[in-house]
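# Working through the structure, step by step
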Number of protein chains: 4
Amino acid sequence: MTTIDRLRETVCRANLELAQSGLVFGTFGNLSAVDREAGVFAIKPSGVPYADLTPAHIVTVSLETGAVVEGSLRPSSDTPTHLELYRAFGCGAIVHTHSEFATMFAQANLPIRCMGTTHADYFRGDIPVTRSLTQAEVARDYERNTGLVIVETFRTRGLSPDEMPAVLVVNHASFAWAADCARAIEHAQVLELVARMDWRTRAMTTSGTLPARPDEFLIDKHFLRKHGPGATYGQR
Amino acid sequence: MTTIDRLRETVCRANLELAQSGLVFGTFGNLSAVDREAGVFAIKPSGVPYADLTPAHIVTVSLETGAVVEGSLRPSSDTPTHLELYRAFGCGAIVHTHSEFATMFAQANLPIRCMGTTHADYFRGDIPVTRSLTQAEVARDYERNTGLVIVETFRTRGLSPDEMPAVLVVNHASFAWAADCARAIEHAQVLELVARMDWRTRAMTTSGTLPARPDEFLIDKHFLRKHGPGATYGQR
Amino acid sequence: MTTIDRLRETVCRANLELAQSGLVFGTFGNLSAVDREAGVFAIKPSGVPYADLTPAHIVTVSLETGAVVEGSLRPSSDTPTHLELYRAFGCGAIVHTHSEFATMFAQANLPIRCMGTTHADYFRGDIPVTRSLTQAEVARDYERNTGLVIVETFRTRGLSPDEMPAVLVVNHASFAWAADCARAIEHAQVLELVARMDWRTRAMTTSGTLPARPDEFLIDKHFLRKHGPGATYGQR
Amino acid sequence: MTTIDRLRETVCRANLELAQSGLVFGTFGNLSAVDREAGVFAIKPSGVPYADLTPAHIVTVSLETGAVVEGSLRPSSDTPTHLELYRAFGCGAIVHTHSEFATMFAQANLPIRCMGTTHADYFRGDIPVTRSLTQAEVARDYERNTGLVIVETFRTRGLSPDEMPAVLVVNHASFAWAADCARAIEHAQVLELVARMDWRTRAMTTSGTLPARPDEFLIDKHFLRKHGPGATYGQR
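A brief structural summary. (Residues numbered from 1 in each chain as written. Chains lettered and ligands numbered in written order. Predicted model: local features only at pLDDT ≥ 70, side-chain atom pairs only at ≥ 80, totals over all residues. Heavy atoms only, no water.)

## A word on the arrangement of the chains
Applicable threshold: We call two residues in contact when some of their heavy atoms are within 4.5 Å.
Here chain A and chain C are not in contact; the least distance found between their C-alpha atoms is 8 Å. Looking at chain B next to chain D, you find no contact at all, with the nearest C-alpha pair sitting 8 Å apart.

Quick look at the structure:
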């Protein structure tokens, strides 16, 4: 079995796991993973029901050219978005879903605010929303421009994709990423969890004034307890 | 097995699928499908628990006269509504449910706004609500008038039932349709999904000003990516 | 097997069904049924986990005296409430639950408004809330006074327990009833359903003005389509 | 089998039960129980998936020194919080979860108001929120200071941990406790239930004025019906 075969198998299995996660409706959503040494990433084909998915359906795409390398089906329509994220960020796997609460924030053009330690354990600050694409950006290379506007969001706001492993694309949905497939799915799940909690905070606010975010030192405490060289959480 | 037998079997199976979809409470809801060549549609009987349903229970109704053709049970009380929709629209199957979020919009007399690409992948714009029926329309031929007011809604607003395959009947519930049973159920499910997301957007709005809809070119991009001659989604 | 044995078996089975309905948390909630000829009703014992319940645990209580007739356990603490309802109303079975949405309306001292046909198919108008009990009424015969204040609510507002088979007890929870156990559970379920839908309507109202109720002739049309001598719904 | 072995087995089983309760996401959350005679409490290890947990993983900690007594893994990062609660309160078991509704109130810095009898059956009044920790308290001995600020909350407000067996830690999450593991989990579940109901009350309030709490004599009636020497609920 080649490295690429293994990658396709991993990506197939992870897409099936994603389908079981409750984050996905119908054929919405997709997951990819990259082999940077081989210069390719593997991704779900477009519009194929999760129930029918086998490793042979998984398509591999060149990181350099964006062209299909292996696979007889058409890759996910969101493939050019994944490509631009792999080019700009150092992640190993990317998950795209229309999970309901995160999508709803994307539709309302609102960041998911960092309101507590649950959020700070995974995301160091508010989860950002991209700007809208222009008519020209939608008309031509729409999916590629979606990737580029995500990268632009991180660059212009000085965000690190390692400390902020998710983004909302305005009026569309979310992308999340991580070093590997399991953690990318976990990030997509926590993204939905914190979106749900921030939504509930907003929904119960009757005064027009949202509760304040916690002190930054509390956010940093929790993020750094789990991430980076000073992490103390778990069995090390 | 005659064509009509097959139609009844299909409609029975699809009603059972609908009962499993989470969109239906108790005996609320019904699904029908049409055989335009034979000039009949087949529909669930009135008030029969889904658990007991067999193809023999399914009633067929003449498109021309509205009279029962085959079946010893009384057809769904909503049969005259289905009849008027088949007469006016070109669809192949119709689903009626009281799914909670869509019904709640019908009760609040509010359209389900098109707030993002999840909605635009299925419905090209806001999902409309009919006007209220008059006392005379309720008193006599209530169910038929429900169908007529749906058709009126589409005609007066210049909506295409192919681009807008669902409607809210004010203070009542929803109807959705498609070329076949599976897609009619899918439309009813997405209708509920987008109703839930628009509800959440409204529920979290504390300022009194709802977020704006996306640009029309984004809605068109997504609708036309999946529908019509220029569609690129899936394996073609 | 005596009539009373059968009643205890029926009530045991229906309490287990209630426990499976999603309306009940822990040991909250109880169901009773009456045999008016025998002059007794049968009810769940107090604080016994549903998992352990057998017909032998079910307690029978005299309609005339309120005293235990058969059963070695103490009856539900809400027994005097059931007693007063059986004395005043003609129902055959009563369900008490703390189902979340109905309870929340009771806590907010708000009726569940009749906003559409789903509600009107079961309840002819708004579902009422009782007044608060006085300190004296809470201090002595609290559970009996809970029954009396329900009866007072129906009498002073001219409501028929047949057309309005449920009530909210302010700051407490709900009671629902019907001719038999299965329909009493169904009423408790629809009560929760319409509470959830009215709550959602309120939660999404940003303007401070709730949507209007439907025309009364629409409510009557739906209630009378399913109830009374002119009913046309189902197989008759 | 020693007393301590049994304690570890009990705590392992209860942590698995907690994982099944719906209150826990991923590895968030932990449960401990104390053996006051032996002077130790047993707690879940840090960051170990619930699926892998065995009694051998459970760590025991000295009540006097806070040091690990038995177990080769690192105890939960929240161990110093549990320690301070065991020192100050007389409880036998403690549950920490990020259950969503309770956590959302902690994030919004709002108490869970006692709005009805469901709440009053378990908690005698509003469930309090701690003050924020200072930067110094977060920087050093963060988890121990979390325990101390809980104890401070109860002391300064004159609350009894027996009558109020739960607390919200601001911007973080909740702790609940009881005489034993099963009841501590039950308290965590009811905490989530009443948080959900109070949230819903807030979310549907459109006027800016929340509904009033019930009379104190009703709250006392229900709390004392189930707790203390005058309790009448259940089989006694």
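Past the structure itself, the notes keep going.
## Focus: unusual backbone geometry
The condition that has to hold: Summary of the burial criterion: residues with accessible area below 20% of their type's maximum are buried, those above 50% are exposed, and those between are partly exposed, where the area comes from a 1.4 Å probe applied to protein chains only.
Here Asn109(A), not a glycine, exhibits a phi torsion of approximately 55°, which is positive. Judged by relative accessible area, Asn109(A) falls into the partly exposed class, the value being 45%.

## Quick word on the relation of the copies chain B and chain A
Threshold: For the least-squares superposition of copies, only C-alpha atoms count, and only for residues with pLDDT at least 70 in both.
Structural alignment of chain B on chain A gives an RMSD of 0.0 Å, achieved by rotating through 90° and translating 0.0 Å along the axis. Between the two chains, the operation in question is that of a four-fold axis. Scanning chain B for the C-alpha nearest the rotation axis identifies Ala203(B), at a separation of 3.8 Å. Little of the interface of chain B is mirrored in chain A, where only 6% of its interface residues again form contacts.

## Things to note about the interface of chain D and chain C
Worth spelling out the cut-off: Note on definitions: buried area is the accessible-area loss of two parts on being combined, 1.4 Å probe, summed for both. We define a salt bridge as a contact between a side-chain nitrogen of Lys or Arg and a carboxyl oxygen of Asp or Glu at a distance within 4 Å. Residues adjacent in sequence count toward polar contacts only when both atoms are side-chain atoms; beyond that, a polar contact is any pair of N or O atoms within 3.5 Å, and within protein one must be able to donate a hydrogen and the other to accept it. A run of DSSP states H or I qualifies as a helix once it reaches four residues; a run of E qualifies as a strand once it reaches two. Both are numbered from the N-terminal end. Under the scheme applied here, ten amino acids are nonpolar (Ala, Val, Leu, Ile, Met, Phe, Trp, Tyr, Cys and Pro), four are charged (Asp, Glu, Lys and Arg), and all others, including Gly, are polar.
Across the boundary between the two partners, chain D contributes 31 residues, which contact 34 residues of chain C. With both chains or domains summed, chain D and chain C bury close to 2,900 Å², and 57% of this area falls on carbon and sulfur atoms. Interface area lost by chain D to chain C is led by Arg200(D), Met204(D) and Gln235(D), which between them contribute 23%. The tally of links from chain D across to chain C stands at 3 salt bridges. Residues Arg200(D) and Glu100(C) are paired through a salt bridge, measuring 2.9 Å at the closest nitrogen-oxygen approach. Summed over the shared surface of chain D and chain C, the number is 9 residue pairs in polar contact (both at pLDDT 80 or more). Contributions of two or more residues to the side of chain D that touches chain C are made by α4 (117-120), α7 (181-203) and α8 (216-226) of chain D. A per-element tally of the side of chain D that touches chain C places α7(D) first, with 9 residues. Of the residues assigned to the side of chain D that touches chain C, the class counts are 13 nonpolar, 10 polar and 8 charged.

## A closer look at the sheet that holds strand β7 (residues 174-178) of chain B
Residue and element names in this part refer to chain B. Definition in use: In this description, strands pair whenever DSSP reports at least two bridges between them. Here an axis means a line fitted to C-alpha atoms, over the contact stretch when the element is a helix, while the angle between two N-to-C directions is reported on a 0 to 180 degree scale.
In space, the 7 strands of this open sheet follow the order β4-β3-β2-β1-β5-β7-β6, with antiparallel pairing throughout. Since the sheet does not close on itself, it has two edges, and those belong to β4 (68-70) and β6 (166-168), each with one partner. Direction aside, neighbouring strands of the sheet carry axes that sit 25° apart on average.

## Examining the relation of the copies chain D and chain C
Each copy of the sequence occupies a distinct position, and chain D is placed on chain C by a rotation of 90° and an axial shift of 0.0 Å, giving an RMSD of 0.0 Å. An overlap of only 6% is found between the interface residues of chain D and their copies at the interface of chain C, pointing to separate contact surfaces.

Don't take any of this as a statement about function, it's just geometry.
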